[in-house]
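Observations on chain architecture
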Amino acid sequence: MHWLMFALAILFEASGITCLKLSEGFSKLVPSILIFVFYGLSFAAAAIAIRHMDISYFYAVWAALGIVIICIIGITYFKEPFSLLKIASMALIVIGVAGLQFSGASH
């Protein structure tokens, strides 16, 4: 159950960031409201998930997957530039998180 909540927390956080972009500086009402809805849902799900995980691993995975998801959204939806350096950088983030897991995370 905590892994599902963790995944939802990450997806809701990425949805909140996407709405932040879509709100155009809080000038569009619906995306502006959705920022707070998605962040509220994200933190609620995170509060449930973090009870069963090491905080260092939790935050590293949260940040890494958030970065990767937002980069993918940026490239595909917002037509941001795609480069091998961007892909390599995302891969290094994922490798770093895997290193944290293999270094002794207990959950």
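Residues numbered from 1 in each chain as written. Predicted model: local features only at pLDDT ≥ 70, side-chain atom pairs only at ≥ 80, totals over all residues. Heavy atoms only, no water.

So, about the overall build of the protein chain. Within the protein chain one finds four helices and zero strands. When the 107 residues of the protein chain are sorted by exposure, 30% land in the buried category. For the protein chain, long-range pairs separated by at least 24 residues make up 65% of all intrachain contacts whose partners lie at least 6 apart in sequence. With an accessible surface of roughly 6600 Å², the protein chain has 77% of that area assigned to carbon and sulfur atoms. Across the protein chain, 5 positive and 4 negative side-chain charges occur, with their mean positions spaced 7 Å apart. (Helix = DSSP H or I, 4+ residues; strand = E, 2+ residues; numbered from the N terminus. Buried < 20%, exposed > 50% of the residue type's maximum accessible area, 1.4 Å probe, protein only. Contact = heavy atoms within 4.5 Å. Areas by Shrake-Rupley, 256 points an atom, 1.4 Å probe, with all protein chains shown as cover. Lys, Arg positive; Asp, Glu negative; His and termini not counted. Charge placed at Lys NZ, Arg CZ, Asp CG, Glu CD.)

Turning our attention to unusual backbone geometry. The phi torsion at F26 lies on the positive side, around 65 degrees, for a residue other than glycine. Here F26 shows up in the loop between helix 1 (2-22) and helix 2 (29-49). One non-glycine residue, K79, adopts positive backbone phi at about 60 degrees. Considering the arrangement of structural elements, one finds K79 in the loop between helix 3 (55-76) and helix 4 (84-102).

The interhelical angle for the contact between helix 1 and helix 3, taken along N-to-C directions, is 45 degrees, at an axis separation of 9 Å. Overall, the two elements helix 1 and helix 3 adopt an arrangement that is oblique. In the packing of helix 1 onto helix 3, the handedness of the crossing is right-handed. In contact with W3, F6, A9, I10, L11, E13, A14, I17 and T18 of helix 1, helix 3 contributes Y57, F58, V61, W62, L65, G66, I69, I70 and I73. Considered class by class, the residues forming the contact of helix 1 with helix 3 number 15 nonpolar, two polar and one charged. (Axes fitted to C-alpha atoms, helices over the stretch in contact; angles between N-to-C directions. Parallel < 35°, antiparallel > 145°, perpendicular 65-115°, else oblique. Left-handed = near helix turned anticlockwise from the far one by under 90°. Nonpolar A, V, L, I, M, F, W, Y, C, P; charged D, E, K, R; others polar.)

Right, let's get into the packing of aromatic side chains. As enumerated under the stated definition, the model contains eight aromatic pairs in all. Seen in terms of ring centroids, Y39 and F43 are 6.1 Å apart; in terms of plane orientation they differ by 35 degrees. Their pairing is tilted. Placement of the pair is Y39 and F43 together in helix 2, with a separation of four residues, close to one helical turn. If you follow K21 out to its NZ or CZ, it ends over the ring of F78, 5.7 Å from the centre. (Phe/Tyr/Trp six-rings, centres within 6.5 Å; stacked < 30°, edge-to-face > 60°. Lys NZ or Arg CZ within 6 Å of the ring centre and 35° of its normal.)

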